[in-house]
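One letter stands for each residue in the lines below.
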Amino acid sequence: MTHTEHPSVRTALPVDLDEAAHRCLVAGFEGTTAVPDTLKRLIDRGLGGVILFTRNVREAEQVRRLTDTLRALRPDLLVAIDNEGGGIGHLVAAGAPEVPGSYALGVVDDPALTARCADALAGHLAALGITASYAPVADVQRRADNPIVRTRAFGSEPELVSRHLSAWIAATEARGIASCAKHFPGHGGTHTDSHHELAVDPRPYEELDLEPFRAAIAAGVPMLMSAHVVFPALDANRPATLSRRILGDLLRHELEFEGVLVSDALEMKAIADLYGEAAGARIALAAGADQVIVAVPDLRVTLECRDAVLEALREGVLAEERVREAAGRVQRLVERYATPAAEVAPWDAEAGLEAARRAVRVPPVGVRGAHVVDLFPAPHPALNWGGEDLLTQVLSVDPTATGTAVPGEPADLEGVAAEILAKAGGAPLVVATCDAGLYPWQGRLRDALVARRPGAVLVATGLPDGGAVCSYGRGRVNLRAVAEVLVGTR
């Protein structure tokens with residue numbers, strides 16, 4: 001046990017205040033069966049929640065045993081996960097329902113179908129004993145060069161995003177699962193990924209995308225997640241996660257949100273590089289956050305954040321009343337959502353594929369025996385994108401197909417193009433890109449192939465980027481729907 005796991009011997013806080021401070025933390029951890037001793041001690045002192053990732057998942061029964069073990073330590077522990085659907089697949093190994101990303105749902109624009117997809121995801125969580133989902137995304141996809149929101153958003157119009165948010169939240173609530181609209185007050189107007197550096201949205205106040213968050217609050221969303229984004233129109237000095245003006249004046253007073261405000265992960269570079277995780281935890285809570293997420297599995301980082309909060313309380317830098325207010329909100333949340341349902345009704349396992357098919361709105365292409373070239377960037381490490389590829393889905397409906405996957409920029413682009421064409425021979429050529437506007441190498445390789453094979457069928461598996469066929473996402477069902485169109489089976 002390290003010294004940081006003990007209350008300070010200099011000035012011991014009252015036990016209830018120490019517990020309140022721990023209530024304000026959500027921790028990631030390593031392991032699929034055993035709970036680390038450090039995490040046990042944090043839970044014993046009142047830890048508010050844990051967040052699961054792919055590293056905690058092997059299969060469904062194992063996840064349920066793990067969540068049962070965690071609750072046996074403390075019944076009011078919130079067990080949460082990022083569960084947006086689409087290409088974010090922390091629960092693939094546990095048999096997660098396959099649903100497309102939010103953008104495809106927005107393209108279909110059938111809120112009842114969005115609700116069916118959200119219900120499937122929430123039902124699966126309930127069966128696993130996970131009772132909080134850090135979804136849906138309330139951001140509006142505003143910029144073509146936005147690197148992080150894109151197909152995670154329901155669309156580029158606030159009204160459309162708002163109606164699908166409301167449908168998603170209602171369906172999730174009906175399952176007894178806590179939803180969380182993110183990333184307040186919006187990440188869609190940036191050209192930077194806050195996982196890597198501080199992002200800025202330079203738009204004036206009247207152009208910010210607050211409408212979806214108002215809709216989420218009106219729909220009764222129990223949690224909102226803050227963005228590590230600076231909004232000069234609101235606070236020129238601090239990102240939203242650390243801004244009293246944004247979390248207090250705007251969210252609490254103007255928008256009248258009374259639920260739990262949780263920070264995005266503190267180890268993201270926008271916070272960690274400029275402030276440090278520990279200082280970020282203290283400043284976020286002082287600014288108005290109710291919980292801060294420390295998602296990294298190294299619990300020493302969580303302990304450092306916890307210690308910074310406790311020390312700030314001892315020194316009077318962080319007001320006791322603020323921490324007790326935050327802990328009270330968390331307590332009301334866990335009273336509603338900590339205990340999983342005793343019985344879980346079946347969900348519609350076909351809703352996701354139906355949605356993905358309806359999003360691809362072109363006549364069947366009918367190119368059997370094609371050589372499929374799938375160009376896509378390396379998966380985002382924080383979001384667990386990846387694993388799905390178009391060729392696998394084409395082969396499932398046309399075993400005569402062949403193909404080449406190019407998962408990242410090749411060193412010798414011309415050489416790769418020549419190799420692909422040699423492998424394709426006389427077969428029809430399909431060239432799929434994923435956000436070629438963000439990754440120019442894809443456009444160069446596509447153009448090199450098309451220059452020699454002008455009849456190639458072009459596909460976009462992210463947002464539209466010149467392809468004749470667009471899936472609006474790279475979830476497995478998105479790619480399956482495109483494969484069916486390419487082969488002509490529907």
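Residues numbered from 1 in each chain as written. Predicted model: local features only at pLDDT ≥ 70, side-chain atom pairs only at ≥ 80, totals over all residues. Heavy atoms only, no water.

**Q** Got a minute to help me understand helix 10 (residues 277-287) in this structure?
**A** Counting along an α-helix, one turn takes 3.6 residues, and residues three or four places apart therefore face a common direction. Residues Gly280, Ala281, Ile283, Ala284, Leu285, Ala286 and Ala287 constitute the buried set of helix 10. Looking at the packing, one finds that the buried side of helix 10 touches strand 9 (235-239), helix 8 (244-254), helix 9 (269-272), strand 11 (292-294), helix 11 (299-315) and helix 12 (320-337). At the exit of helix 10 stands Gly288, carrying a positive phi of roughly 135°. (Buried < 20%, exposed > 50% of the residue type's maximum accessible area, 1.4 Å probe, protein only. Helix = DSSP H or I, 4+ residues; strand = E, 2+ residues; numbered from the N terminus. Contact = heavy atoms within 4.5 Å.)

**Q** What is the right way to look at the packing of helix 6 (residues 158-174) against helix 7 (residues 211-218) in this model?
**A** Two quantities define a packed helix pair, namely the angle between the axes and the distance from one axis to the other. It is the contact of helix 6 with helix 7, at a shortest axis distance of 8 Å, that shows an interaxial angle of 25°. Taken together, helix 6 and helix 7 sit at an angle that is classed as roughly parallel. Taken as a pair, helix 6 and helix 7 cross one another with a handedness that is right-handed. Contacts between helix 6 and helix 7 involve Pro158, Glu159, Val161, Ser162, Leu165, Ser166 and Ile169 from the former and Glu211, Pro212, Ala215 and Ala216 from the latter. In terms of residue class, the contact of helix 6 with helix 7 is made up of seven nonpolar, two polar and two charged. (Axes fitted to C-alpha atoms, helices over the stretch in contact; angles between N-to-C directions. Parallel < 35°, antiparallel > 145°, perpendicular 65-115°, else oblique. Left-handed = near helix turned anticlockwise from the far one by under 90°. Nonpolar A, V, L, I, M, F, W, Y, C, P; charged D, E, K, R; others polar.)

**Q** Is there a simple way to think about the layout of surface pockets in this case?
**A** To find leftover empty space, one rolls a probe the size of a water molecule over the atoms. Quantified by volume, the second largest pocket comes out at close to 480 Å³. If you trace the second largest pocket, you find 27 residues lining it, with Phe53, Glu267, Ala295, Ala382 and Leu383 closest to the centre. Of the residues that constitute the lining of the second largest pocket, the class distribution is 13 nonpolar, seven polar and seven charged. (1 Å grid on protein atoms, 1.4 Å probe; cavity = no way out; pocket = protein on both sides within 12 Å on 5 of 7 lines; lining within 4 Å. Points joined across faces, edges and corners; volume = space filled by probe spheres on them.)

**Q** How do you make sense of the pairing of strand 5 (residues 180-184) when you look at a structure like this?
**A** The side chains of a regular strand alternate, first on one face of the sheet and then on the other. The buried fraction of strand 5 is high, at five of five residues. Sheet analysis places strand 5 next to strand 7 (residues 223-226), joined by four bridges and oriented parallel. When the sheet's bridge partners are listed, Phe184 is paired in strand 7 with Ser226. (Pairing = 2+ DSSP bridges.)

**Q** Is there a simple way to think about the sheet that holds strand 1 (residues 25-27) in this case?
**A** Consider a sheet: its strands pair through backbone hydrogen bonds, and that pairing is either parallel or antiparallel. Read across the sheet, five strands follow the order 4-3-2-1-11 without closing on themselves; strand pairing throughout is parallel. At either margin of the open sheet sits one strand with a lone partner, and together these are strand 4 (132-133) and strand 11. Sheet topology places strand 3 (residues 78-81) next to strand 4; two bridges connect them, and they run parallel. Note that in strand 4 the partner of Ile81 across the bridge is Ser133.

**Q** How should I be thinking about the nonpolar core in this particular structure?
**A** Across soluble globular proteins, nonpolar side chains have a tendency to be buried as a group. With 105 residues, the main nonpolar core has Leu39, Leu47, Leu70, Ile130 and Leu224 as its most contacted residues. With nine residues, helix 5 (residues 111-128) is the single largest residue contributor to this core. Among residues more than four places away in sequence, those in contact with Ile130 are Leu52, Val63, Thr67, Val79, Ala80, Ile81, Leu91, Leu125 and Ile177. Grouped together as the second largest cluster of nonpolar side chains are 24 residues, Leu391, Val430, Val485 and Leu486 included. (Core = buried A, V, L, I, M, F, W, Y, C linked by side-chain atoms within 4.5 Å.)

**Q** What is the right way to read the sheet that holds strand 10 (residues 260-262) from this model?
**A** Across the sheet, which stays open at both edges, the three strands sit in the order 5-7-10 with parallel pairing between neighbours. Two strands bound the open sheet, and with one partner strand each, they are strand 5 and strand 10. Geometrically, the sheet is characterised by an average inter-axis angle of 25° between neighbouring strands, direction not taken into account. Where helix 7 meets the sheet, its contacts fall on strand 5 and strand 7, and the angle it forms with strand 5 comes to roughly 155°.

**Q** Would you mind showing me how to read the pairing of strand 12 (residues 371-376) here?
**A** Burial analysis of strand 12 places six of its six residues in the buried class, which makes it a mostly covered element. Residue alternation in strand 12 divides its side chains into two sets, His371, Val373 and Leu375 and Val372, Asp374 and Phe376, and both sets are buried. Pairing geometry for strand 12 and strand 13 (residues 402-407), over six bridges, is parallel. Following the sheet pairing, Val373 is matched in strand 13 by Thr404. Pairing analysis gives four bridges linking strand 12 to strand 14 (residues 429-433), with the strands arranged parallel. Looking at the pairing, His371 lines up with Leu429 of strand 14.

**Q** Can you help me understand unusual backbone geometry in this one?
**A** Excluding glycine, residues mostly have negative phi values, and the peptide bonds linking residues are mostly trans. A cis amide bond links Ala135 with the next residue in sequence, Pro136, at an omega value of 15°. With an omega of 10°, the peptide bond running from Lys182 to His183 counts as cis. Along the chain, His183 turns up in strand 5. The phi dihedral of Asp435 falls on the positive side, at around 60°, and the residue is not glycine. On the secondary structure map, Asp435 appears in the loop between strand 14 and helix 16 (440-452).

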